[in-house]
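Structure at a glance
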Amino acid sequence: MAVPAEPALDPLKETRRPDDPPCDVYLTGTVFLDIIFTGLDSAPVRGTESWARGMGSSPGGVANMATALARLGLRTSLAAAFGDDHYGEYCWDALEQGEGIDLSKSHRVPGWHSPVTVSMAYEGERTMVSHGHEAPLPADVTDPAPGCPPRARAAVASLGPGRREEWVAHAARRGTRVFADVGWDDTARWDLAALPDLEHCEAFLPNAEEAMRYTRTDCPRAAARALAEKVPLAVVTLGAEGAYAVDGATGETASVPAIAVEALDPTGAGDVFVAGFITGTLADWPLADRLAFAGLTAALSVQEFGGSLSAPGWVEIAAWWQQVNAYEDQDPEALRRYAFLAELLPSTSRAWPLRRAVPTIGFGRSG
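A brief report on the enclosed structure follows. (Residues numbered from 1 in each chain as written. Predicted model: local features only at pLDDT ≥ 70, side-chain atom pairs only at ≥ 80, totals over all residues. Heavy atoms only, no water.)

Looking now at the sheet that holds strand β8 (residues 125–131). Read across the open sheet, the 4 strands follow the order β3-β2-β7-β8; overall the sheet is mixed. In the strand order of this sheet, the two ends are held by β3 (54–61) and β8, each with one partner. Neighbour-to-neighbour, the strand axes of this sheet turn through a mean angle of 20°, independent of strand direction. With 5 bridges joining them, strand β2 (residues 31–38) and strand β7 (residues 116–122) adopt parallel strand pairing. The partner of Ile-35 across the bridge, within β7, is Val-118. (Pairing = 2+ DSSP bridges. Helix = DSSP H or I, 4+ residues; strand = E, 2+ residues; numbered from the N terminus. Axes fitted to C-alpha atoms, helices over the stretch in contact; angles between N-to-C directions.)

In this section: the pairing of strand β4 (residues 76–79). Burial along β4 is two-sided: the face carrying Thr-76 and Leu-78 and the face carrying Ser-77 and Ala-79 are both buried. Taken together, the 4 bridges between strand β1 (residues 23–28) and β4 define a ladder with parallel strand orientation. The partner of Tyr-26 across the bridge, within β4, is Ser-77. (Buried < 20%, exposed > 50% of the residue type's maximum accessible area, 1.4 Å probe, protein only.)

Bringing helix α4 (residues 208–215) into the picture now. Among the 8 residues in α4, 6 count as buried, and that is most of the element. Along α4, the residues that are buried comprise Ala-208, Glu-210, Ala-211, Met-212, Tyr-214 and Thr-215. In this structure, the buried residues of α4 make contact with β10 (177–182), α5 (220–227) and β12 (233–237). Where α4 starts, the residue carrying a side-chain oxygen 3.2 Å from the main-chain nitrogen of Glu-209 turns out to be Asn-207. (Contact = heavy atoms within 4.5 Å. Polar contact = N/O pair within 3.5 Å; in protein donor to acceptor, adjacent residues only side chain to side chain.)

On to the nonpolar core, then. Core analysis: the largest hydrophobic core is formed by 65 residues, its most contacted members being Val-25, Leu-27, Leu-78, Phe-277, Ile-278 and Leu-291. For this core, the element with the most residues is helix α7 (residues 287–301), which contributes 8 residues. Not counting chain neighbours up to four residues away, the residues in contact with Leu-291 comprise Val-235, Ala-243, Tyr-244, Ala-245, Ala-254, Ser-255, Val-256, Phe-273 and Phe-277. Residues Ala-155, Leu-159, Val-182 and Leu-195 belong to the second largest nonpolar core, which totals 33 residues. (Core = buried A, V, L, I, M, F, W, Y, C linked by side-chain atoms within 4.5 Å.)

Structure (structure tokens):
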């Protein structure tokens, strides 16, 4: 697999200092092999066979966000377990060699098969089936996530009810800015007190449904305001309506509408949104610009299939900006919302929409 090209630009260039940590963002979690079927006309029907017009494979799970961060030019470190099967080897090579992600905190597990997710995309939605077992710890490892994660500007924590991960508090004490997302609460309690690591987080980024359930509110914006009393920065994603953020320290709010696109596959869009928001935050952009950029990267991702496959890089973003500026009847107000991109983006001669090569484990390497 070819060594990845250098990012088209470094979004943190103006903020970097000689004593900065070598790592921009640290993540830990489970890497899945994602097998994605697209081009289905409807959901599979029991007792029938469905044919998909497209298929691809890529690293998934926490690899979705790691890839999105790396493609935006952030120095990304990932701690995860990888099986020693072909799936695990493929995912390791795709992330380390293909995306330039630092896997020095990751480890291989002999005899453990990689978790797998099959995702079926249709009508702008997806259905997933997953299989896997918890990775056994190597004899010389006592914690699945390193107790002393690397020094990093930022880290991403995935919160869960009743679960405390010591590395989160440790990273926060060392000055790492912790950004947190959260999944569906299968306990149905929806109790913020059951998320103990939230107290160490700078930003919390749930979706609207999660935010309203956790705050017992019936409005996403009211939920964001309530969350801002618990965490310095609350960001609530509103799906087709965009996103809303409240800075609990200053009282500043920001609301940005979503970009209307034809969605092929929403897999990983939330991870891409978080990656875009972290990028803008570390680059010290205004809150509204961070929201707009995060929403843009997520919108671009759903036009391709697959989680990590669809994460846009700066060339894709530049091609989109070039394209939308070419329309004579474009809404001037909409263009002004993204005008901050003009001085940031690399020049590109590639036409939009772009298409990435689709990696697959189905072919061996040619000599």
